[in-house]
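# Observations on chain architecture
Take a look at the letters that make up each chain.
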Amino acid sequence: MDKKKPDVYFTERSHELTTTISGLKRTALMLSWLRLFSFLSIILLGWWLWPMGLLPAFTGIGAGLLLFIVIVKRDLDNKTAIENSSRLLAICRNEQLALNHQYQQFPDGARFPDPHHAYANDLDLFGHASLFQYINRTESEQAGRLLADWLLEPASAETILRRQKAVDALSDIPEWNEQLQSHGAAKKITLSAELHICQWMEEQNNVRTHMGWKLTRYLFPLASLTWLLLYIVDQIPQSLFLTGLTIFLAISYAITKKLIPAWNKLGKISAELESFSDSIRHIETASFNNELLNAHKATFSNPPLPSASTQIKSLKKIMDRLDYRLNPVVFIPLSVFLCWDLQQVFALEKWKAANKAGIQHWFASLAEMEALSSLGRLRFNHPEWVFPVLETATIFAGTSIGHPLIPAGKRVNNDFNTQGDGIINLVTGSNMAGKSTFLRSCGVNIILAMAGAPVCATGLRLSPLRVMSSMRISDNLEESTSTFYAELKKLKAIIEAVNKKEQVFLLLDEILRGTNSGDRHTGSKALIKQLIAQHATGIVASHDLELAKLKEVYPQQLFNYHFDVQIANEELYFDYTLKEGVCQSMNASLLMKKIGIRV
């Protein structure tokens, strides 16, 4: 069956979810009345049956209470369904906006940039209106960090192919992806939460194996409950009974004060554990027809113990039981008669012993599933994009290559083909004709390809490449670095990589712009010669038409391309189409005249 177009799918899905939410809200109203009536029924049954005796009265009250509990449970489940459906609706509406190129509502990854990275700043990977913001649909901090890492560092060919297959499989189940995102959005899992859990897992806690604590665990409840029984059968007076209770409470408090601080840090992440468990259960119950997805699913299997989601849910329940101390009416009796906190500490240490080997793998696998799901959404939203074909020989050959951050209606795509080592493609052209955008289009699509994502093109063949660029240069007052010196530092890193014969693809835009025209031409010409001599491959954009003459010296290593401009009635017209040869039209004089400079 053919897939629905993304806009049709999200429109229909939004309508479906809106209808679902309306029905759930009607159910919520009905359940609120039923909850009230069931509560009143408990009072009425008690009043009506009390004259008939203790047994009928307690039976009637118990039946009414059971009904009340069932309705409350149903009401809580209904509220959870409303919250989940509302999150799903928000996800679909955000995707509708994204299809219209309104994607600023997504996290922009502004915390990830490294100012010294080889291409992140030049290619707008992070920040407002960035590539990361455009493709990111992760919810946990771990997954966001992982997706950023995929964009920052190319994967191996084997990893890329495995991701491509997984991403393609996930694009076929959009509703599953939405639900995974919804679980994550309920309470975002943070790196801090993972750190707290992993630190706790490494701590040496010996309560469970300490003989004194083991005896206290059983002897304390035995003694306190025996004390209660003696009072019930009238073997000890009330004053002595109350004195004993005070002693038991004091002992329990002393035990709590000694043991609980070590566990308090876990209490801060209780809500995240719920989201963690739900997300993992969503993966555990899925049926995937993909090797990589099933490998991650298997990570959450924990035989002979219950599954990872069940284990995390049990940890959440222990933490909830520790929170009983926030309600004195409940906590004081539990402490006096059961030494409640000590029992929970034993449960926590038992949980730790059973799950110490698996917990870090669970965080890692969930992060990768979220990152893959994010790319699956990209694949679903852009069915016209393709997965690149990986080659062993040096090649970058694409048809209809476009920049994904430019709306499809405004985007001009270009074909481009460069093969072999030691090939430099020189792109000349007038101002604003599209040189820089073309370089960024090539760079961004290489980044997507090396992450295992689909690319904005109708076809792309390339070898495993690492982009290195020098395009957007700025000074740094804090480091006392001029623009020219900042560029030299970038070029130095590029030259070092080229000399080491690393598989890099160079994107250089208006190199050596921070010096005079004579030095700039001399330096640019020398650099291009050196790159060719070292068998480097890439694209160099420049206004310097004299550089195109290097074609005469290197007919098999340097190829000229250009973007031109048409001028009519002193107006500029750009077609943003890459053409072979050297640019013959420039527009700087006209632009200067338009702002008032007399040329």
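Anything mentioned here points back to the structure above.
Below you will find a few notes about this structure. Bear in mind the structure is a predicted one, so any value in this text is a computation, not a measurement. (Residues numbered from 1 in each chain as written. Predicted model: local features only at pLDDT ≥ 70, side-chain atom pairs only at ≥ 80, totals over all residues. Heavy atoms only, no water.)

What follows concerns the overall build of the protein chain. Scanning the protein chain from terminus to terminus reveals 21 helices and 12 strands. By the compact-globule yardstick of 25 Å for 599 residues, the protein chain is too spread out, its C-alpha radius of gyration being 33 Å. Taken along its principal axes, the extent of the C-alpha atoms in the protein chain is 110 × 55 × 50 Å. Put simply, 75% of the contacts in the protein chain that link residues at least 6 apart link residues at least 24 apart. Measuring between centres, the 61 positive side-chain charges of the protein chain sit 5 Å from its 57 negative side-chain charges. (Helix = DSSP H or I, 4+ residues; strand = E, 2+ residues; numbered from the N terminus. Rg over C-alpha atoms; globule rule 2.2 N^0.38 Å. Contact = heavy atoms within 4.5 Å. Lys, Arg positive; Asp, Glu negative; His and termini not counted. Charge placed at Lys NZ, Arg CZ, Asp CG, Glu CD.)

Here the focus is the sheet that holds strand β6 (residues 466-470). Read from one edge to the other, the open sheet built from 6 strands follows the order β6-β7-β8-β4-β9-β12, with strand pairing classed as mixed. Looking at the sheet topology across the chains shown, the edges are occupied by β6 and β12 (579-580). (Pairing = 2+ DSSP bridges.)

This next bit is on the packing of helix α5 (residues 157-171) against helix α16 (residues 359-381). Contact pair α5 / α16: the axes reach a minimum separation of 8 Å and the direction vectors enclose 65 degrees. Here α5 runs over α16; the crossing is right-handed. Side by side, α5 and α16 meet where Arg163, Ala166, Val167, Asp168, Leu170 and Ser171 of the first sit next to Leu372, Ser373, Leu375, Gly376, Arg379 and Phe380 of the second. Across the contact of α5 with α16, the residue classes break down as 6 nonpolar, 3 polar and 3 charged. (Axes fitted to C-alpha atoms, helices over the stretch in contact; angles between N-to-C directions. Left-handed = near helix turned anticlockwise from the far one by under 90°. Nonpolar A, V, L, I, M, F, W, Y, C, P; charged D, E, K, R; others polar.)

Throughout the structure, instances matching the rule amount to 5 cavities of 30 Å³ or more. Of the voids in this model, the largest cavity is the one considered here, and its volume is about 70 Å³. What lines the largest cavity is simply Ala98, Leu99, Tyr134, Ile135, Arg137, Ser374, Arg377, Leu378, Asn381 and His382. Every element with two or more residues in the lining of the largest cavity is listed here: α2 (54-99), α3 (131-135) and α16. (1 Å grid on protein atoms, 1.4 Å probe; cavity = no way out; pocket = protein on both sides within 12 Å on 5 of 7 lines; lining within 4 Å. Points joined across faces, edges and corners; volume = space filled by probe spheres on them.)

To continue, consider the pattern of salt bridges. On inspection of all chains with the given rule, the structure shows 25 salt bridges. Lys490 is the salt-bridge partner of Asp122, the closest N and O atoms lying 2.8 Å from each other. Linking Asp122 in the loop between α2 and α3 with Lys490 in helix α18 (residues 483-499), this pair joins segments that are 368 residues apart in sequence. We classify Lys490 as partly exposed; its relative accessible area is 21%. With a shortest N-O distance of 3.3 Å, Glu391 and Arg461 are connected by a salt bridge. Taken together, the residues span a long stretch of sequence, with Glu391 in the loop between β1 (389-390) and β2 (395-401) and Arg461 in strand β5 (residues 459-462) at a distance of 70 residues. Its relative accessible area of 27% is what places Glu391 among the partly exposed residues. For Arg461, a relative accessible area of 35% translates into the label partly exposed. A cluster of three or more residues bridged by salt bridges with shared partners is formed by Glu274, Asp278, Arg281, Lys313, Lys316 and Asp320. (Salt bridge = Lys/Arg side-chain N within 4 Å of Asp/Glu carboxyl O. Buried < 20%, exposed > 50% of the residue type's maximum accessible area, 1.4 Å probe, protein only.)

This brings us to the layout of surface pockets. Considering only enclosed or pocket space, the second largest pocket measures out at about 290 Å³ in volume. For the lining of the second largest pocket, the secondary structure elements donating two or more residues are α2, α6 (174-186) and α11 (270-284). A class-by-class count of the residues in the lining of the second largest pocket yields 3 nonpolar, 5 polar and 7 charged.

Judged by how many residues are buried, β2 sits mostly within the fold: 5 of 7 residues are covered. Across 5 bridges, β2 lies against strand β3 (residues 414-419) in antiparallel orientation. Within the sheet, the bridge partner assigned to Ile401 lies in β3 and is Asn414. Across 4 bridges, the pairing between β2 and β5 is antiparallel. Across the sheet, residue Thr399 finds its bridge partner in β5, namely Gly459.

Examined against the element boundaries, Thr190 turns out to sit in the loop between α6 and α7 (191-202). Once you skip the residues sitting within four places of it in the chain, Thr190 turns out to touch Glu141, Gln142 and Glu272.

Its location among the elements puts Glu368 in helix α16. Despite being buried, Glu368 has no salt bridge partner; Arg163 is the closest side chain of opposite charge, sitting 4.8 Å away. What Glu368 contacts, discounting residues up to four positions off in sequence, is Leu146, Trp150, Leu292 and His296.

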